Amino acid sequence: MKKLFCVLLTVLMLVSLVACGIKDTGGAADTLPASQNQGADGIDVDLTKLSSTMVYSEVYNMMYSPDDYIGKTVKMEGSFAICQAADENGTLIPDRIYFACVIADATACCSQGLEFVLSGEHTYPDDYPELGSEITVSGTFELYEDGGFQYCRLADAEIVE
């Protein structure tokens with residue numbers, strides 16, 4: 001009975017993977033997804049118009065294939081979060097604070113965040129929203145290196161009211 005259950009479970013898992021396959025669209029795969037067509041507002045990737053599952057997937061894709069997004073203007077909604085850097089002893093470094101817009105998936109069990117850097121001069125916490133508050137941010141997607149690691153962020157960003 002256990003073997004039959006394991007075989008049935010394996011078959012169901014394989015069938016679910018097949019359902020996620022890419023359909024041949026006769027070359028249409030070379031075009032940008034609907035979320036990446038520049039609109040009249042100058043936004044290349046507007047995550048605010050997608051379902052929570054699609055937003056989570058698109059942000060994951062940004063992390064997995066960042067070169068496809070470099071230089072594109074991205075707009076997203078999520079929770080405002082910060083991360084403060086620490087040295088090797090665990091002591092917080094006061095002038096190394098990173099700001100992010102965090103998006104949860106449809107079941108709210110997983111989250112993806114994207115760092116942003118506001119354009120101009122800003123002081124935390126005076127010029128930033130309350131932690132955990134819902135924000136809409138837009139900026140230019142870029143890669144940068146810090147400590148030998150490569151990171152993604154929205155540069156020259158603004159928080160849209």
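Note: the structure precedes this text.
Residues numbered from 1 in each chain as written. Predicted model: local features only at pLDDT ≥ 70, side-chain atom pairs only at ≥ 80, totals over all residues. Heavy atoms only, no water.

Draft legend 1. Representation of the pattern of salt bridges in the model. Following the criterion strictly, the structure yields three salt bridges and no others. Lys49 is the salt-bridge partner of Asp46, the closest N and O atoms lying 3.9 Å from each other. Judged by relative accessible area, Asp46 falls into the buried class, the value being 9%. Taking the shortest distance from any N to any O, the salt bridge between Arg96 and Asp146 comes out at 2.7 Å. One end of the pair, Arg96, is in strand S3 (residues 92–104); the other, Asp146, is in strand S5 (residues 134–146), with 50 residues separating them in the sequence. Residue classification places Arg96 among the partly exposed positions, given a relative accessible area of 31%. (Salt bridge = Lys/Arg side-chain N within 4 Å of Asp/Glu carboxyl O. Buried < 20%, exposed > 50% of the residue type's maximum accessible area, 1.4 Å probe, protein only. Helix = DSSP H or I, 4+ residues; strand = E, 2+ residues; numbered from the N terminus.)

Draft legend 2. Quick look at the pairing of S3. As defined by bridge partners, strand S2 (residues 73–86) adjoins S3 across seven bridges and the pair is classed as antiparallel. Note on S3: the bridge partner recorded for Ile82 is Phe99. Hairpin connection from S2 to S3: five residues lie between these consecutive antiparallel strands, with Gly90 at a positive phi of about 90°. With six bridges connecting them, S3 and strand S4 (residues 111–118) associate as antiparallel partners. Across the sheet, residue Phe99 finds its bridge partner in S4, namely Phe116. The loop that links S3 with its antiparallel partner S4 comprises six residues; one of these, Ala108, has a positive phi angle of about 60°. (Pairing = 2+ DSSP bridges.)

On their own, these measurements won't tell you what the molecule is for.
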